Amino acid sequence: MDKISFYEQVYQVVALIPKGKVTSYGAIAAYLGTKGSSRMVGYAMNQVHSLSLNIPAHRVVNRNGLLTGKFHFESPTKMQDQLASEGIIVEEDKIINFKAHFWDPAIALAL
DNA sequence: GCGTTGACGAGGA
DNA sequence: GTCCTCGCCAACG
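Right, let's walk through the structure included here. Fair warning: this is a prediction, and the values are worked out from it, not measured in the lab.

1. Side note on the nonpolar core
Then step 1. Judged by nonpolar contacts, the single largest core of 17 residues is most densely connected at V10, V14, I28, V41, M45, I55 and V60.
Then step 2. Elements represented by at least two residues in this core include exactly α1 (6-15), α2 (25-31) and α3 (38-47).
Then step 3. Top element by residues in this core is α1. It accounts for four residues.
Then step 4. Discounting residues that sit within four places of it in the chain, I55 has contacts with Y11, V14, A15, M45 and V48.
Then step 5. Ranked by size, the runner-up nonpolar core spans nine residues in total, among them V61, L83, I88 and F98.

So, in structure tokens, the structure goes:
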């Protein structure tokens, strides 16, 4: 297996999220086998700024479908705008019909 | 090597 | 149904 850090594993999964789809931190953590470290997924996204990677972090939200990390973007409205551009309706900083747009890496990547 | 940090999740009241 | 508390675990300083 690749000797990549937990961070990079998160980045790889997030980068695989198809357009118009979203997932939760816990789902990614669970896919990586560390479902207990769902916080690490979000923490990894925080470090994305330090990297030159192109990570669609706007497609990653918490289990409530809430745009918890929108303040970590260039602009708090950027995240909602990105999702809206992909056909995902966001209102009150939360994704409408979140379940319909949910993308589970454990299923999509089909281990 | 240790303590702190976190864009979370689940359970309990 | 909402609000609060605990746990989780890897990276950073």
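2. Focus: the protein's contact with DNA strand B
Then step 1. Near DNA strand B lie 16 residues; those nearest to it are Y25, R39, M40, R63 and G69.
Then step 2. Of all atoms in DNA strand B that approach within 4 Å of the protein, 51% are sugar or phosphate atoms.
Then step 3. Measuring from a base nitrogen of DNA strand B, one finds a backbone N or O atom of M45 at 3.2 Å.
Then step 4. Those elements giving two or more residues to the surface near DNA strand B turn out to be α2 and α3.

3. So, α3
Then step 1. Residues of α3 that are buried: V41, A44 and M45. End-on, the buried residues of α3 take up no more than an arc of 100°, which puts them together on one face.
Then step 2. The inward-facing, buried residues of α3 abut α1 and α2.

4. Here's the deal with the pattern of salt bridges
Then step 1. For the structure shown, the criterion picks out three salt bridges.
Then step 2. Measuring nitrogen to oxygen at the nearest pair gives 2.5 Å for the salt bridge that ties K70 to D93. In this pair, K70 is assigned in the loop between β2 (60-61) and α4 (76-85) and D93 in the loop between β3 (90-91) and β4 (94-95), connecting sequence segments 23 residues apart.
Then step 3. Put simply, K78 and E74 hold a salt bridge, and the shortest N to O gap is 3.4 Å.
Then step 4. When its relative accessible area of 29% is taken as the criterion, K78 is described as partly exposed.

Cut-offs used in this document
The numbers attached to residues start from 1 for each chain and follow its sequence in the written order. Whichever chain is written first becomes A and whichever ligand is written first becomes 1, with later ones labelled in order. pLDDT decides what is reported in this predicted model: residues at 70 or higher carry local features, side-chain atom pairs at 80 or more are listed and counted, and totals for whole chains, interfaces and linings draw on all residues regardless. Computation of side-chain values: all heavy atoms of the structure, hydrogens and water removed. Take the buried residues of types Ala, Val, Leu, Ile, Met, Phe, Trp, Tyr and Cys, join any two whose side-chain atoms come within 4.5 Å, and each joined set is a nonpolar core. Classification of residues uses two cut-offs on accessible area relative to the type maximum, computed with a 1.4 Å probe and protein chains only: under 20% is buried, over 50% is exposed, and between them is partly exposed. Labels follow the DSSP assignment, with helices taken as runs of H or I lasting at least four residues and strands as runs of E lasting at least two, numbered in each case from the N terminus. Whether two residues touch is decided by their heavy atoms; if any such pair falls within 4.5 Å, the residues are in contact. If a single non-hydrogen atom of a residue is within 4 Å of a molecule or strand, that residue counts as near it. Pairs of N or O atoms within 3.5 Å make up the polar contacts considered here, provided that, within protein, one atom can donate a hydrogen while the other can accept it, and that residues adjacent in sequence are counted only when both atoms are side-chain atoms. What the arc describes is the spread of directions from the helix axis to the C-beta atoms. A pairing counts as a salt bridge when a side-chain nitrogen of Lys or Arg comes within 4 Å of a carboxyl oxygen of Asp or Glu.

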